[in-house]
Amino acid sequence: MYNSWEELELNCRKCEKCALAKHRTNLVFGYGNKNAEVLFVGEGPGENEDLQGKPFVGRSGKLLDMYLHSIDLDRDKNIYIANMVKCRPPQNRDPKPEEQDICIDWLREQVRIMRPKIIVCLGRIAAQRLIHPDFKVTKQHGEFIDKNGTLMMGTFHPAALLRNPNNKGDALDDFMALQEKIKQVCKHTYDEV
Ligand code: URA
Ligand code: SF4
């Protein structure tokens, strides 16, 4: 357990606990306002993220930002974005369960220190790991589940939306539902816009 975000980040950046460490250019700890009430969790860094050390900076990141901005969320102001694993899996393959098992301690600490009111899982990997092992994004997207006082929701991964634009309307509905939920349970998210 770490006492501060800074101490956590410093130690995470040195991590070599799983095999993904040796392939990375940069570790992607996360990005945004660490005092945010809303945390987004993706899968893991891709090529651009690995090169820049920031989450969601490629095409899927642009799409994510569009959805965020449509409900007055901004990664430079009132949210934080992290991933299930902090280092890029080779060839953008899914992170293996054992890699997630090892890396999830870093995310757990991020959540423990941040204490977000809402966690939004971007895609199947995060939703199945953080909400329910059988989570089906196509069926359960947009549903809020209370887990020990934190509201959890799963929605489409932006990269999946680029591959399958038919789901973009449903994704927008999820963000609209998120906006309503933020208004209900968050105290300062919409003050900081
Ligand atoms: N996809 C993810 O899941 N996370 C990123 O940071 C970038 C792409
Ligand atoms: Fe450490 Fe996670 Fe990177 Fe593996 S993926 S080396 S556990 S930070």
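Since the structure is predicted, the reported quantities are computational estimates derived from the model, not experimental observations.

1. Some remarks on the site of ligand 2
- As a structural note, the neighbourhood of ligand 2 is formed by Cys15, Lys17, Cys18, Leu20, Ala21, Arg24, Leu27, Lys86, Cys87, Ile102, Cys103 and Trp106.
- Across the shell around ligand 2, the residue classes tally to nine nonpolar, no polar and three charged.

2. So, helix H8 (residues 168-185)
- Counted at 1.5 Å a residue, the expected span for H8 with its 18 residues is 26 Å, and the 26 Å between its end C-alpha atoms agrees.
- Where H8 is concerned, the buried positions are Ala171, Asp174, Phe175, Leu178, Gln179 and Ile182. Taken around the axis of H8, the buried residues stretch over an arc of 150°, which confines them to a single face. Exposed side of H8, more than 90 degrees from the buried face: Lys183 and Gln184 are the residues found there.
- In this fold, the buried residues of H8 make contact with strand E2 (38-42), helix H3 (59-70), strand E4 (118-122), strand E5 (144-147), strand E6 (150-155) and helix H7 (158-163).

3. Focus: the site of ligand 1
- Around ligand 1 lies a shell formed by Gly42, Glu43, Gly44, Glu49, Pro55, Phe56, Asn83 and His157.
- In the model, an oxygen atom of ligand 1 is placed 3.0 Å from a nitrogen or oxygen of the phenylalanine 56 main chain.
- One of the side-chain N or O atoms of asparagine 83 is found 2.8 Å from an oxygen atom in ligand 1.
- The protein chains hide 93% of the 240 Å² of surface that ligand 1 would expose on its own.
- A breakdown of the residues in the shell around ligand 1 according to their chemical character gives two nonpolar, four polar and two charged.

Criteria and thresholds
- Residues numbered from 1 in each chain as written.
- Chains lettered and ligands numbered in written order.
- Predicted model: local features only at pLDDT ≥ 70, side-chain atom pairs only at ≥ 80, totals over all residues.
- Heavy atoms only, no water.
- Near = heavy atom within 4 Å.
- Nonpolar A, V, L, I, M, F, W, Y, C, P; charged D, E, K, R; others polar.
- Helix = DSSP H or I, 4+ residues; strand = E, 2+ residues; numbered from the N terminus.
- Expected span 1.5 Å × (residues − 1).
- Buried < 20%, exposed > 50% of the residue type's maximum accessible area, 1.4 Å probe, protein only.
- Arc of directions from axis to C-beta.
- Contact = heavy atoms within 4.5 Å.
- Polar contact = N/O pair within 3.5 Å; in protein donor to acceptor, adjacent residues only side chain to side chain.
- Areas by Shrake-Rupley, 256 points an atom, 1.4 Å probe, with all protein chains shown as cover.

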